[in-house]
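# Structure assessment
Listed here are the chains, written in short residue letters.
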Amino acid sequence: KNFMININIKNIIFDLGNVILDIDANLSKRAFEKHGVKNFEKLYTLTAQSEIFDRLETGAITPGEFYDELRTFTKISLSDKTIETCWNALIVDFTYERIEILRQLKQKYRTFILSNTNLIHYNFYTNLLREKYQINGLEELVEKAYFSHEIRLKKPDLAIFHHVLNTSQLQADETLFIDDNKIYIDAAKKTGIETIYLKNQKLEDIFKKGKKNFI
């Protein structure tokens, strides 16, 4: 399917997971299972999270409190480091191509990241960017990155979209939001933001080099 960006679009907001950064929750599930946590898929999936994960993503609990609660919930005494490693296992990698897409789009549009994330993952993928790609964080690749654990709001709450629009002084009808989660896409639409639902596509399928409409 060919996507056409509305000629009025001046701003692009990107989701992070499976849009810019490849993630796979099954990798964390397998890592936890190796340490005896057999119910992780019930505790957490990318679509239906336990309250523990929701509170971590909105900055309501610290990583240390998260580790304590997970130990209590699973009744398994894993070290903080083990939990951290298993939890970060779902983060796969960025790609050079997507990083280049972000760099090029930043020259033509006002660009942003809006992600439901948490401090543990944030530290991990920030270090990954620094060590593998020599980039000092996602904040370098866009005008501003909005992370749920910092702003204490998360998708699909409409308040998070209004927060981005108001904070960065964006007009909804001049703004495009790209996400791989239909629920979040539907929420953005309610605020008047234009959307692209990345279903069975990758970011590089949309922003091909040489396409006049895009980069």
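Structure shown above.
Fair warning: this is a prediction, and the values are worked out from it, not measured in the lab. (Residues numbered from 1 in each chain as written. Predicted model: local features only at pLDDT ≥ 70, side-chain atom pairs only at ≥ 80, totals over all residues. Heavy atoms only, no water.)

A few words now on the overall build of the protein chain. Across its full length, the protein chain carries eleven helices and seven strands. The C-alpha radius of gyration computed for the protein chain amounts to 18 Å, which stays within 12% of the reference 17 Å derived for 215 residues, consistent with globular compactness. With respect to the three principal axes, the spread of C-alpha positions in the protein chain is 55 × 35 × 30 Å. Among the 215 residues that make up the protein chain, the fraction classed as buried is 48%. Restricting to contacts in the protein chain with at least 6 residues of sequence separation, those with at least 24 account for 70%. For the protein chain, the accessible area works out to roughly 10,700 Å², and carbon and sulfur atoms hold 48% of it. Charged side chains of the protein chain number 31 positive and 30 negative; the gap between the two group centres comes to 4 Å. (Helix = DSSP H or I, 4+ residues; strand = E, 2+ residues; numbered from the N terminus. Rg over C-alpha atoms; globule rule 2.2 N^0.38 Å. Buried < 20%, exposed > 50% of the residue type's maximum accessible area, 1.4 Å probe, protein only. Contact = heavy atoms within 4.5 Å. Areas by Shrake-Rupley, 256 points an atom, 1.4 Å probe, with all protein chains shown as cover. Lys, Arg positive; Asp, Glu negative; His and termini not counted. Charge placed at Lys NZ, Arg CZ, Asp CG, Glu CD.)

Once that is clear, we can look at the environment of Ile206. Among the structural elements, Ile206 can be located in helix H11 (residues 203-206). The spatial distance from the C-alpha of Ile206 to the C-alpha of Ile196 is 9.5 Å, given a sequence separation of ten residues.

Phe14, Phe66, Trp87, Phe94 and Ile178 are the most contacted members of the largest nonpolar core, which has 54 residues in total. Ranked by the residues each element gives to this core, the list is headed by helix H7 (residues 119-133), at six residues. Listed in part, the 16 residues of the second largest apolar core include Ile160, Val164, Leu165 and Ile193. (Core = buried A, V, L, I, M, F, W, Y, C linked by side-chain atoms within 4.5 Å.)

Moving on: the packing of aromatic side chains. Counting across every chain of the model gives 13 aromatic pairs. Between Phe32 and Phe40 the ring centres are 4.5 Å apart and the planes differ by 25°, which places this aromatic pair in the stacked class. We note that Phe32, like Phe40, is buried. Aromatic side chains Phe53 and Phe66 sit 5.5 Å apart centroid to centroid with 65° between the ring planes, which places their arrangement in the edge-to-face category. (Phe/Tyr/Trp six-rings, centres within 6.5 Å; stacked < 30°, edge-to-face > 60°.)

Further remarks concern the pairing of strand E7 (residues 194-197). Where strand E6 (residues 175-179) lies against E7, four bridges are found, and the strand directions are parallel. Pairing of Ile178 across the sheet is with Ile196, part of E7. Handedness of the β-α-β unit built from E6, helix H10 (residues 182-190) and E7 comes out right-handed. (Pairing = 2+ DSSP bridges. Right-handed = clockwise from strand over helix to strand, strands pointing away.)

We now examine helix H6 (residues 96-108). A rise of 1.5 Å per residue sets the reference length of H6, with its 13 residues, at 18 Å; its end C-alpha atoms lie 19 Å apart and thus fit the reference within 8%. Along H6, the positions that sit buried rather than exposed are Arg98, Ile99, Ile101, Leu102 and Leu105. Within H6, the buried residues cover an arc of 155° as seen down the axis, which keeps them to one side. Summarising the geometry of H6, the exposed residues directed more than 90 degrees from the buried face are Tyr96 and Gln107. Here the buried face of H6 lies against strand E1 (11-14), strand E2 (22-23), strand E4 (110-115), H7 and H11. (Expected span 1.5 Å × (residues − 1). Arc of directions from axis to C-beta.)

Here we take up the sheet that holds E4. The strand order E5-E4-E1-E6-E7 describes an open sheet built from five strands, whose pairing is parallel. Strand pairing shows two members of the sheet lacking a second neighbour, strand E5 (144-147) and E7, which therefore form its edges. Going from strand to strand, the sheet's axes swing by 20° on average, the running direction of each strand aside. Bridge analysis of E1 against E4 gives four bridges, and the strand direction is parallel. Looking at E4, one finds that Ile13 is bridged to Phe112. Taken strand by strand, helix H9 (residues 158-167) contacts E1, E4, E5 and E6, and its axis lies near 155° from that of E5. Each of E6 and E7 touches H10; the most contacted strand, E7, lies at about 170° to it. (Axes fitted to C-alpha atoms, helices over the stretch in contact; angles between N-to-C directions.)

Attention now moves to the pairing of E4. Along E4, five of the six residues are buried, which leaves the element largely enclosed by surrounding structure. Alignment of E4 against E5, held across four bridges, turns out to be parallel. The residue bridging Ile113 from the neighbouring strand is Ala145, located in E5.

Before going further, it helps to spend a moment on the environment of Lys182. Topologically, Lys182 is positioned in helix H10. Taking the C-alpha atoms as reference, Lys182 lies 22 Å from Arg152; in sequence the two are 30 residues apart.

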